[in-house]
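Each chain, letter by letter, is given below.
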Amino acid sequence: MTETVLVIDDAADVRALLSVALKDAGYRVVEAANGPDGLETYHAHQPDLILLDIGLGSMDGLEVCRQLRAVSSAPIIFLTSRSDEVDQLVGFAAGGDDYITKPFSAKVVVARVNSMLRRQLRMAPEERTRFEVGPLALDLESRTARLNGEPIHLTRTEFDLLTCLMENPERVCTRESLLTRVWGEWYGDSHVVEVHMSRLRNKITSAGGPKVGAVVRGVGWRLGVEA
Amino acid sequence: MSGGSSGGESDAVLAFIREQQEAVLQRAIDELRSCPPADLRGVAHAVHGTLGSYQLDAAHEQIVTLSAVLADPSTTVEAAEEARARTVATLVSLQPALHGNVAS
């Protein structure tokens, strides 16, 4: 089945370029020029992935993301053209899975979309579907995370990172292994791992949980939580 | 003007980019030329991403320079308008090289 990508951007030229590139790669594309239309288009077409510009008009991309996250687990990739917007993304748990800076290469955008949509296959559990370590529990089938029995809301990326860490709490996960496992073919800054690991850690500690993602200097990360 | 490197884009994407470059640059010029002073920074921000994504590298560099001037707190309104005029003039000078541009 052809997967559908929703492009929400107020720049018509940007939407047109992305549409051509994604259609050329075999995707079905639906477009919206602002936040409210984007939400409406989401509900009408139920896309598999959303490319979302941050700098929209009256309803900015972060607010659109929050509203989408309330109803959808589809991957969201932010489009941003300013470094301060990237900072905002890093510091704000808006629920996006990735970001691409403008100007962009259409080829890279397509590669990121491919990679994000293939993640679910790579993340599919071979046998185990539940992991419990200390106060943390993951259910891969329902994609729910719990801390002391209480659900905690993680983005898709955070959930996948935590899954890698919890599968074998004693194993050290290298940056390369996490990039491959969680992001697939990655063309961006490899520090994306630190960014999302930090967000995951903050989210769990803010909920009263342990500090996950212990740094093993020069090697990578391990879960860092006692069973 | 060079429209920029192909960046390994597919033939279809590259053809689309080449076909659209002239119109994209014209729209950027129109927007920069006509926007009120208060909107200039936002317009520069918006066209920055578009011009670069369409591989209009020389034009994109001009917008980066303009944005730097506009972001400088010491820039006066007059200096901002001068920077706008310089940028628009340079972008206009880049147009002839794109005239009739088609994918090879």
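To be clear, the structure that these remarks concern was listed above.
Residues numbered from 1 in each chain as written. Chains lettered and ligands numbered in written order. Predicted model: local features only at pLDDT ≥ 70, side-chain atom pairs only at ≥ 80, totals over all residues. Heavy atoms only, no water.

## With respect to the side chain of Arg 201 of chain A
All names here are of chain A. As for its placement among the helices and strands, Arg 201 is situated in helix α8 (residues 192-206). Of the side chains bearing the opposite charge, Glu 194 lies closest to the buried Arg 201, which forms no salt bridge; the N-O distance is 9.0 Å. Side-chain polar atoms of Arg 201 contact the backbone oxygen of Gly 213, separated by 2.6 Å. (Helix = DSSP H or I, 4+ residues; strand = E, 2+ residues; numbered from the N terminus. Buried < 20%, exposed > 50% of the residue type's maximum accessible area, 1.4 Å probe, protein only. Lys, Arg positive; Asp, Glu negative; His and termini not counted. Salt bridge = Lys/Arg side-chain N within 4 Å of Asp/Glu carboxyl O. Polar contact = N/O pair within 3.5 Å; in protein donor to acceptor, adjacent residues only side chain to side chain.)

## Some remarks on the sheet that holds strand β12 (residues 220-222) of chain A
All names here are of chain A. Here we have three strands laid out as an open sheet, ordered β10-β12-β11, and antiparallel in their pairing. Each edge of the open sheet carries a strand with a single partner, namely β10 (173-174) and β11 (214-216). Inspection of the sheet shows β10 paired to β12 by two bridges, in the antiparallel sense. Following the sheet pairing, Thr 174 is matched in β12 by Gly 220. (Pairing = 2+ DSSP bridges.)

## Quick word on the pairing of strand β5 (residues 98-101) of chain A
Residues and elements named next belong to chain A. The side-chain alternation of β5 yields one buried face, formed by Asp 98 and Ile 100, and one unburied face, formed by Tyr 99 and Thr 101. Relative to β5, strand β4 (residues 76-80) is paired through four bridges, and the arrangement is parallel. Paired with Thr 80 across the bridge in β5 is Thr 101.

## Section: unusual backbone geometry
Generally, phi is negative for residues other than glycine and the peptide bonds are trans, each holding for most cases. The peptide bond linking Lys 102 of chain A to Pro 103 of chain A adopts the cis configuration, its omega dihedral lying at -5°. Along the chain, the position of Pro 103 of chain A falls in the loop between β5 and α5 (106-122). The residue Arg 143 of chain A is not glycine, and still its phi comes out positive at about 50°. Here Gln 55 of chain B, not a glycine, exhibits a phi torsion of approximately 60°, which is positive. Structurally, Gln 55 of chain B is set in the loop between α2 (40-53) and α3 (57-71).

## Side note on the packing of aromatic side chains
The description of two aromatic rings rests on the distance between their centres and on the angle between their planes. All names here are of chain B. On inspection of all chains with the given rule, the structure shows one aromatic pair over all chains. Pairing Phe 16 with Tyr 54 gives two aromatic rings, centres 6.2 Å apart and planes at 45°, and the pair type is tilted. With Phe 16 in helix α1 (residues 11-34) and Tyr 54 in the loop between α2 and α3, this pair connects stretches of sequence that are 38 residues apart. Exposure remark for Phe 16: the relative accessible area of 15% places this residue in the buried category. A residue is classified by how much of its surface remains accessible, and Tyr 54, at 1% relative accessible area, is buried. (Phe/Tyr/Trp six-rings, centres within 6.5 Å; stacked < 30°, edge-to-face > 60°.)

## Some remarks on α2 of chain B
Residues and elements named next belong to chain B. Helix length check: α2, at 14 residues, gives a terminal C-alpha distance of 20 Å against a target of 20 Å (1.5 Å per residue), a fit within 8%. Most of α2 is tucked away: 11 of the 14 residues are buried. Remark: Gln 55 follows α2 within two positions and exhibits a positive phi of approximately 60°. (Expected span 1.5 Å × (residues − 1).)

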